[in-house]
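Structural description and commentary
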Amino acid sequence: MSVYRTSSDEDTIELGRVIARTLPAKACVLLIGNLGAGKTTLAKGIIQGLGFAEPEEVASPTYTLIHEYGEGRVYHIDLYRLDRIDQVATLGLDDIFDREAVVLIEWGERFPELMPAHRMEIHLTAIGTDERQIETKNHL
């Protein structure tokens, strides 16, 4: 487990770039935190660090549920708007988890029975306006 502190969106994006360098080509990463904790901001850095999009090209998939980058090499998924397992099942997560891809999932902790055991969990906590505490737990 590692604990980091960031003091701006730029710091959080940079930490995402650093985390990206540690990820294997096939990985599931749960981004866990309250609304406004910085999950999408960290995802911007991870996706950029993997070389598939610039931060300004990465948006929260809250309404589309899934964004794909690098022709299926990275998936950014947001389960916030889903309430039931049968809703999540329609997304085809099992197929996505089988691919050689990095899968970033916001709000995945709401459906633990659907998440792979081999994963990284990143817990984000807002401390004040711009400061974040970011804790990584690697189960890869």
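Summarised in this report is the structure supplied together with it. Every value quoted in this text rests on a predicted model; they were computed, and no experiment measured them. Numbering of residues starts from 1 in every chain and runs along the sequence as written. Local features in this predicted model are restricted to residues whose pLDDT is 70 or higher, and side-chain atom pairs enter the listing and the counts only when it is 80 or higher, whereas totals over whole chains, interfaces and linings include all residues. Excluding hydrogens and water, the side-chain values take into account all heavy atoms of the structure.

**Quick notes on the pairing of strand 3 (residues 66-69)**
A 1.4 Å probe rolled over the protein chains alone gives each residue an accessible area, and that area as a share of the maximum for its type sets the label: buried under 20%, exposed over 50%, partly exposed in between. Where helices and strands are cited, they refer to DSSP runs of H or I of at least four residues and of E of at least two residues respectively, numbered from the N terminus. Going residue by residue along strand 3, you find H67 and Y69 tucked away on one face and I66 and E68 left uncovered on the opposite face. Strand pairing is assigned whenever DSSP identifies at least 2 bridges connecting the two strands. In the sheet, strand 3 pairs with strand 4 (residues 74-78) via four bridges, with the strands oriented antiparallel. Among the inter-strand pairings, Y69 is bridged to a residue of strand 4, identified as V74. Between strand 3 and strand 4, which pair antiparallel one after the other, the connecting turn spans four residues, and G70 there sits at a positive phi close to 60 degrees.

**A few points about helix 2 (residues 39-49)**
Among the eleven residues of helix 2, nine are classified as buried, and the element is accordingly described as predominantly covered. Every buried residue of helix 2 is listed here: K39, T40, T41, L42, A43, G45, I46, I47 and Q48. Directly after helix 2, the chain includes G51, whose backbone phi takes a positive value near 90 degrees.

**What to know about the environment of E57**
By the secondary structure assignment, E57 is in the loop between helix 2 and strand 3. Polar contacts, as counted here, are pairs of nitrogen or oxygen atoms within 3.5 Å of one another; within protein the pair requires one atom able to donate a hydrogen and one able to accept it, and residues that are adjacent in sequence qualify only if both atoms are side-chain atoms. At a separation of 2.7 Å, a polar atom in the side chain of E57 contacts the main-chain amide nitrogen of E54.

**Here we look at the environment of A53**
Structurally, the position occupied by A53 is in the loop between helix 2 and strand 3. Remark: the alpha-carbon pair of A53 and R81, spanning 28 residues in sequence, is separated by 25 Å.

**Here's the deal with the packing of aromatic side chains**
Pairs of aromatic rings are described using the distance from one ring centre to the other and the angle between the two planes. The pairing test for Phe, Tyr and Trp rings, Trp by its six-membered ring, is centres within 6.5 Å, and the orientation test on the planes gives stacked under 30 degrees, edge-to-face over 60, and tilted for anything in between. Applying the stated rule across the entire model yields one aromatic pair. Ring geometry for Y80 and W107: centres 5.0 Å apart, planes at 50 degrees, overall tilted. With a gap of 27 residues between them, Y80 in the loop between strand 4 and helix 3 (85-89) and W107 in the loop between strand 5 (102-106) and strand 6 (120-127) connect regions that are remote in the sequence. When its relative accessible area of 36% is taken as the criterion, Y80 is described as partly exposed.

**Notes on the packing of helix 1 (residues 9-22) against helix 2**
Under this scheme, a helix contributes an axis fitted over its contacting stretch, all axes are lines through C-alpha atoms, and angles between N-to-C directions fall in the 0 to 180 degree range. Direction vectors running N to C along helix 1 and helix 2 enclose 45 degrees, while the axes themselves pass 7 Å from each other. Viewed along their axes, helix 1 and helix 2 adopt a mutual orientation that is oblique. As for how helix 1 packs across helix 2, the hand of that crossing is right-handed. Each of D9, T12, I13, L15, G16, R17, I19 and A20 in helix 1 lies in contact with helix 2, whose residues at this interface are T41, L42, K44, G45, I46, Q48 and G49. Any angle between 65 and 115 degrees counts as roughly perpendicular, while under 35 counts as roughly parallel, over 145 as roughly antiparallel, and the rest as oblique. Note on convention: near helix rotated counterclockwise from far helix by under a right angle means a left-handed crossing. Clockwise means right-handed. Any two residues whose heavy atoms approach within 4.5 Å at even a single point are treated as in contact.

**Some details on the sheet that holds strand 6**
Strand order across the open sheet formed by seven strands is 1-7-6-2-5-4-3, with mixed pairing between neighbours. Each of the sheet's edge strands pairs with one partner strand only, and the pair in question is strand 1 (2-6) and strand 3. Mean inter-strand twist for the sheet, computed between neighbouring axes without regard to direction, equals 15 degrees. As paired elements, strand 4 and strand 5 share five bridges and run parallel to each other. Paired with H76 across the two strands is L104, which belongs to strand 5. Taken strand by strand, helix 2 contacts strand 2 (27-32), strand 3, strand 4, strand 5, strand 6 and strand 7 (131-138), and its axis lies near 170 degrees from that of strand 5.

From the geometry alone we can't say anything about function, so treat these as descriptive.
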